[in-house]
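Read off the chains here:
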Amino acid sequence: MSLPLSELFDHDVENHLIQDVGSQNFAMLLDYNEIFDNSSSFTLSLHNALPTQDENTLPVPDVKFQPPHQRLLSPILAADVLSNEDYGGPYGFEVSVLPTYNTKNPWVYSVPLNKVYMDMMQPFPIDIILKTPKKPNDKLFIRITPQYSAQNYAANPVCRCFQHDHHSDSTNKDIAEHVRQHVIRSTNKAAYYLGDAKEKQRLSVILPMGNPQAGSESVREFLFFVCKSSCPVPGMNRRTLEVIFTLEDEEGSVLGRKALNVRICACPKRDKEKEEKEAEKSNHTSPPKGKKRKVDQHPTQGSKMMPPDDRAYKINLPCVGKQSLLKILTHAEDVHQSQLYLAQGQPELSERLKKTLHEIEQLKRAALQ
């Protein structure tokens, strides 16, 4: 159901909304009514990145907003590599991560590496600071965009692996289809998810820049990742990642920028200590004479690699238990999905892979009956 903010809420509906989303979020919705003008409308699902409410509570409606300017919502092409140079701009824009003293935290921040290590699906807080407070009429937004930090991968959109992007994955329950491919999600119900990796566009999240609470100088937001750094292509595939925060006005002009290195892993503390030691060692030592440092290489679209084997192999494998069979078929499906991604530009091979995927899907359906 849609509820236009341009009309006054019924008193009972307003009370239900305040109980459901909280008074601060409800006030934010009302503020949006003043922000947006009469440009073309778009629909933002307030629940497109969060689990559904209990069925006994009043559901938060889809709210039709009017974009302040089309430039703010214009997708960025992946080929347009974003700058990662910190820029305070006229507002003295800063993004800080809280230091962690509890070793059991699911996330940890490395000061020397300016890097956050966290587990998948674990929200971590960031504080957004404007040293020069915005004026009441300033309409500002925060754009959050992941980008590969290595220059040879920077022009590739950062998206999820096939396994986590699949509609049956637990992270996609009640999630809008256009949000599924995003690696980053926000707990802010006013978040807008922009871009499409299939169209070679960057995926980013846009948030309204709120006002600090009384006695505070920063606005806190919570983000979480729904894929790991080790996920196979088209996922991150161990490529180093940075998240670029930009402060923008309603026309999409950049007024501030901050970059943050990120790694999503199962053991944040262990990986942090390991990379800090490696960085310290590399700063004080040089490669042994006659030897070269090992450079990690990852097969991605456009990289030089061995031509794929297009021969078809038949296997007849006894399998004990339905669950074991389903796991084997699922793994085979993931492997062929990855091969299909790498076979772009090879129509004949792509058709053979699609045919095999269809056969695997039929076998899975038969196993479930």
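To keep things clear, this report deals only with the structure shown in the data block. Quantities reported herein were computed from a predicted structural model and do not represent experimental measurements. (Residues numbered from 1 in each chain as written. Predicted model: local features only at pLDDT ≥ 70, side-chain atom pairs only at ≥ 80, totals over all residues. Heavy atoms only, no water.)

**Let's talk about the overall build of the protein**
A count of helical and extended segments in the protein gives seven helices and 13 strands. The buried share among the 369 residues of the protein stands at 40%. Taking as baseline every contact in the protein between residues at least 6 positions apart, the subset at least 24 positions apart corresponds to 70%. With the model as given, the accessible surface of the protein reaches about 21900 Å², and the carbon-plus-sulfur share is 51%. (Helix = DSSP H or I, 4+ residues; strand = E, 2+ residues; numbered from the N terminus. Buried < 20%, exposed > 50% of the residue type's maximum accessible area, 1.4 Å probe, protein only. Contact = heavy atoms within 4.5 Å. Areas by Shrake-Rupley, 256 points an atom, 1.4 Å probe, with all protein chains shown as cover.)

**Re the pairing of strand 11 (residues 218–225)**
Consecutive side chains along a regular strand alternate between the two faces of the sheet. Most of strand 11 sits inside the fold, with six of its eight residues counted as buried. Bridge analysis of strand 6 (residues 124–130) against strand 11 gives six bridges, and the strand direction is antiparallel. Within strand 11, the position partnered with Ile126 by the bridge is Glu221. Strand direction decides the pairing type here: strand 8 (residues 184–186) and strand 11, joined by three bridges, are antiparallel. Counterpart to Ile184 in the pairing with strand 11 is Phe225. (Pairing = 2+ DSSP bridges.)

**Let's talk about the sheet that holds strand 6**
Across the sheet, which stays open at both edges, the four strands sit in the order 3-6-11-8 with antiparallel pairing between neighbours. On the outer flanks of this sheet lie strand 3 (93–97) and strand 8, each paired with one strand and no other. Adjacent strand axes in the sheet meet at a mean angle of 35 degrees when their direction is disregarded. In the sheet, strand 3 pairs with strand 6 via five bridges, with the strands oriented antiparallel. Within the sheet, the bridge partner assigned to Val95 lies in strand 6 and is Ile128. (Axes fitted to C-alpha atoms, helices over the stretch in contact; angles between N-to-C directions.)

**With respect to the environment of Ile244**
With respect to the helices and strands, the residue Ile244 is situated in strand 12 (residues 241–249). Ile244 gets classed as buried once you look at its relative accessible area, which sits at 1%. Along the sequence, Ile244 and Glu85 sit 159 residues apart, while their C-alpha atoms lie 9.3 Å from each other. Sequence-distant contacts of Ile244, defined by excluding residues within four places in its chain, comprise Leu82, Ser83, Asn84, Arg143, Ile144, Thr145, Gln147, Arg257, Lys258 and Ala259.

**Focus: a nonpolar patch on the surface**
Nonpolar side chains collect at one region of the surface, where Ile315, Leu317 and Ile328 lie side by side and expose about 340 Å² of accessible area between them. Leu317 sits in the exposed class, given a relative accessible area of 57%. (Patch = residues over 30% accessible without salt bridge, like charges linked within 9 Å, V, L, I, M, F, W, Y side chains within 5 Å. Salt bridge = Lys/Arg side-chain N within 4 Å of Asp/Glu carboxyl O.)

**Some thoughts on the pairing of strand 5 (residues 115–118)**
Residues Lys115 and Tyr117 line one face of strand 5 and the alternating positions Val116 and Met118 line the opposite face, and both faces are buried. Note that strand 4 (residues 107–110) and strand 5 share four bridges and pair antiparallel. In the sheet register, Trp107 faces strand 5, and the bridge partner there is Met118. Following strand 4, the chain reverses through four residues before pairing antiparallel with strand 5; Asn114 in that reversal takes a positive phi of roughly 45 degrees.

**Quick look at the sheet that holds strand 5**
If you trace the seven strands from one edge of the open sheet to the other, you get 4-5-13-12-7-10-9, paired in mixed fashion. The sheet terminates laterally at strand 4 and strand 9 (192–194), the two strands that pair on one side only. Direction aside, neighbouring strands of the sheet carry axes that sit 25 degrees apart on average. Sheet topology places strand 7 (residues 140–148) next to strand 10 (residues 204–208); four bridges connect them, and they run antiparallel. Looking at the pairing, Ile142 lines up with Leu207 of strand 10.

**Brief notes about the nonpolar core**
In terms of nonpolar packing, the biggest core is built from 43 residues, with Ile144, Phe225, Phe245 and Leu247 touching the most fellow members. Setting aside anything within four residues of it in sequence, one finds Phe245 in contact with Phe93, Val95, Ile126, Ile142, Arg143, Ile144, Leu223, Gly256, Arg257, Lys258 and Leu260. (Core = buried A, V, L, I, M, F, W, Y, C linked by side-chain atoms within 4.5 Å.)

**A few points about helix 7 (residues 347–368)**
For helix 7, with 22 residues, the first-to-last C-alpha span of 32 Å sits near the 32 Å given by 1.5 Å per residue. Looking at helix 7, one finds that the buried residues are Leu349, Ser350, Leu353, Leu357, Ile360, Lys364 and Ala367. Buried residues of helix 7 fall within an arc of 100 degrees about the axis and therefore sit on the same side. The exposed residues of helix 7 that point more than 90 degrees off its buried face are Pro347, Glu348, Lys355 and Arg365. (Expected span 1.5 Å × (residues − 1). Arc of directions from axis to C-beta.)

**Brief notes about the packing of aromatic side chains**
Using the criterion set out here, one finds zero aromatic pairs in the structure. Sitting over the face of the ring of Tyr153, Arg239 holds its NZ or CZ atom 5.4 Å from the ring centroid. (Phe/Tyr/Trp six-rings, centres within 6.5 Å; stacked < 30°, edge-to-face > 60°. Lys NZ or Arg CZ within 6 Å of the ring centre and 35° of its normal.)

**Observations regarding the side chain of Arg257**
Within the secondary structure, Arg257 sits in strand 13 (residues 254–264). Among buried charged residues, Arg257 stands out as having no salt bridge; its nearest opposite-charge side chain is Glu85, 5.7 Å away. Polar side-chain contacts of Arg257 include one of 2.9 Å to the backbone oxygen of Glu85. The residues touching Arg257, leaving out its near neighbours within four places in the chain, are Ser83, Asn84, Glu85, Asp86, Tyr87, Phe93, Ile244, Phe245 and Thr246. (Lys, Arg positive; Asp, Glu negative; His and termini not counted. Polar contact = N/O pair within 3.5 Å; in protein donor to acceptor, adjacent residues only side chain to side chain.)

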